[in-house]
Amino acid sequence: MTNDHTIHVLGISGSLRQKSYNTSLMRSVYKVLPEGMTLEIADLAALPLFNEDHEKPFPEAVAEFRARIAQADALLIATPEYNSSISGVLKNALDWASRAPQQPLRNKPVAIMGASTGHFGTARAQLHLRQILAHVGALPLIKPDVLVPYAEQAFNADGSLVDDKVRAALQKLLEALADWTRRVKM
Ligand SMILES: Cc1cc2nc3c(=O)[nH]c(=O)nc-3n(C[C@H](O)[C@H](O)[C@H](O)COP(=O)(O)O)c2cc1C
């Protein structure tokens, strides 16, 4: 948190797909950011596959990603659901971020959300994500849930959010993340 108490959030979308609904969901957050909060979105495309042989030193893209997490006051993760779990892309990023010596995920406030084309809107992926976040010692926000089922109906062709209920849910999520971050950090 900077001296003016602005909360800097790093957004992580677990999909590399150009027209990803999860990345669109993340971009929609810019329109509902509470006052005193900023959002920057990380790009996971540059991260190599995790390899324990390549930790000393970390590859440059990994070191930069870890530093951005360390500097952020909070994280916002948009997870796709692949085969009832999170995407490999997201798991790979979290594995890199989890490693010693700094362990930048530890004690980091995290809000989660997700969009899928299926019926459950990433409910199963989000449960797995919560399990991983607990293991690495992050501080995930419990409520509200933001689940976007049938995501193709929530966004138009250019990726703009057209579902007012999802927009309202995003706003509540970001307000709750601001409160949670202030409680945890003060
Ligand atoms: C490998 C794979 C597995 C998937 N498994 C699920 C699933 O378990 N549940 C679900 O709702 N959608 C599933 N889907 C559909 C995704 O929800 C859909 O592809 C979605 O658009 C992915 O997120 P994105 O738009 O951010 O890339 C799967 C898609 C892929 C490619």
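Scroll up a little and you will see the structure.
Let me begin by describing the structure that accompanies this report. (Residues numbered from 1 in each chain as written. Predicted model: local features only at pLDDT ≥ 70, side-chain atom pairs only at ≥ 80, totals over all residues. Heavy atoms only, no water.)

A look at the site of the ligand
Working step 1: Around the ligand, 14 residues are found, and the nearest of them are Ser15, Arg17, Ser20, Asn22 and Asn83.
Working step 2: Between Arg17 and the ligand, the recorded distance is 2.7 Å, taken from a side-chain N or O atom to an oxygen atom.
Working step 3: Contacts to the ligand include Tyr21, whose backbone N or O atom sits 2.9 Å from an oxygen atom.
Working step 4: For the ligand, whose accessible area on its own is 620 Å², the fraction buried by protein is 72%.
Working step 5: Tallied by class, residues from the shell around the ligand come to three nonpolar, eight polar and three charged. (Near = heavy atom within 4 Å. Polar contact = N/O pair within 3.5 Å; in protein donor to acceptor, adjacent residues only side chain to side chain. Areas by Shrake-Rupley, 256 points an atom, 1.4 Å probe, with all protein chains shown as cover. Nonpolar A, V, L, I, M, F, W, Y, C, P; charged D, E, K, R; others polar.)

Points about the pattern of salt bridges
Side chains bearing opposite charge may pair, as long as their charged atoms lie close to each other.
Working step 1: Considering all chains together, one arrives at eight salt bridges under this definition.
Working step 2: A salt bridge links Arg124 to Glu81; its shortest N-O distance comes to 2.8 Å. Remark: Glu81 occurs in the loop between strand E3 (74-78) and helix H3 (88-98) and Arg124 occurs in helix H4 (residues 123-135); sequence separation between them is 43 residues.
Working step 3: The class for Glu81 is buried, based on a relative accessible area of 15%.
Working step 4: Here Arg167 ties to Asp164 by a salt bridge, and the two come within 2.6 Å at their closest N and O atoms. (Salt bridge = Lys/Arg side-chain N within 4 Å of Asp/Glu carboxyl O. Helix = DSSP H or I, 4+ residues; strand = E, 2+ residues; numbered from the N terminus. Buried < 20%, exposed > 50% of the residue type's maximum accessible area, 1.4 Å probe, protein only.)

Observations regarding the side chain of Asn92
Working step 1: Relative to the helices and strands, Asn92 is located in helix H3.
Working step 2: Accessibility expressed as a relative area gives 11% for Asn92, which makes it buried.

Observations regarding the nonpolar core
Working step 1: In this structure, Leu76, Met113 and Leu170 are the most contacted members of the largest nonpolar core, which totals 28 residues.
Working step 2: Taken together, the elements giving at least two residues each to this core come down to strand E1 (7-13), helix H1 (21-28), strand E2 (37-41), E3, strand E4 (109-115) and helix H5 (164-185).
Working step 3: Setting aside anything within four residues of it in sequence, one finds Leu76 in contact with Val9, Leu10, Gly11, Ile12, Met26, Val29, Ala111, Met113, Leu173 and Leu174. (Core = buried A, V, L, I, M, F, W, Y, C linked by side-chain atoms within 4.5 Å. Contact = heavy atoms within 4.5 Å.)

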